[in-house]
Amino acid sequence: MNRFRNWLQRIMYGRYGQDQLGLFLITVAMIIFIVSLFTVPYLYLLSIAIIGYEYFRMFSKNRSARYKENLWFVNHTLWLRKFFEKIKYSFTEGRKYKVFKCPKCGQKLRVPRGRGKIEIRCRKCGEQFIRKS
Ligand SMILES: [Zn+2]
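Residues numbered from 1 in each chain as written. Predicted model: local features only at pLDDT ≥ 70, side-chain atom pairs only at ≥ 80, totals over all residues. Heavy atoms only, no water.

1. A look at the pairing of strand β4 (residues 128-132)
For step 1, the next point in the chain: By the bridge criterion, five bridges tie strand β3 (residues 117-121) to β4 in an arrangement that is antiparallel. Bridge pairing links K117 to K132 in β4. (Pairing = 2+ DSSP bridges. Helix = DSSP H or I, 4+ residues; strand = E, 2+ residues; numbered from the N terminus.)

2. Here's the deal with the domain arrangement of the protein chain
For step 1, the next point in the chain: When its domains are assigned, the protein chain resolves into domain 1 (2-91) and domain 2 (95-132).
For step 2, the next point in the chain: Taking only C-alpha atoms, the centre of domain 1 and the centre of domain 2 are 41 Å apart. (Domains from an automatic or database assignment.)

3. Quick look at the pattern of salt bridges
Opposite charge on two side chains makes pairing possible when the charged atoms of those side chains draw close.
For step 1, the next point in the chain: Applying the stated criterion to the full structure yields five salt bridges.
For step 2, the next point in the chain: Notably, a salt bridge pairs E69 with R66, separated by 3.0 Å at the nearest N-O pair. Here E69 pairs with R66, and both are found in helix α4 (residues 63-76), just three residues apart, close to one helical turn.
For step 3, the next point in the chain: We classify R66 as buried; its relative accessible area is 9%.
For step 4, the next point in the chain: Among the ionic contacts, a cluster of salt bridges with common partners joins D19, E54, R57, R66 and E69. (Salt bridge = Lys/Arg side-chain N within 4 Å of Asp/Glu carboxyl O. Buried < 20%, exposed > 50% of the residue type's maximum accessible area, 1.4 Å probe, protein only.)

Laid out in C-alpha cells, this is it:
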C-alpha cells in the first residue's frame, strides 16, 4: 500500500490533480452514464469523453491554466452548488427534522423527527399547535 502511494506521489508530482471542477465533471459523467443505460445507449460516449477530459486536467502540468478553469467554474456555479448542497442536506441533516408551517402566521418551524405527537410553539407569533413529528 505504501509503495503504491509512493508511486502515485511520483506520478502526480508537478501535476494538477483534483479540484471542484473535476469532481463536478466526474459527477456529471456518472449521471450521463446512468441515464444512457436507460435511454440512448450511445450517450455513454459523452460520459467517457468528459472523464477523458478530466483525466487530461488531473495529469496536466499546466497548473495555472487548470487553476483558471476551476476558478471560472467556482465563480459561475455558486447557484448550482447551493442547489446540490440543498439536496445533500435533505438526505443527511434534513432527515432528522420535519418542517411545519405555523397555521396562524405561516412561519416555517423545524422540529426533530420521530417524537410522536408534540406541541409546537411558533417562535414568531406564539401560536401553539399539535402535530405528529
Ligand atoms: Zn406563527
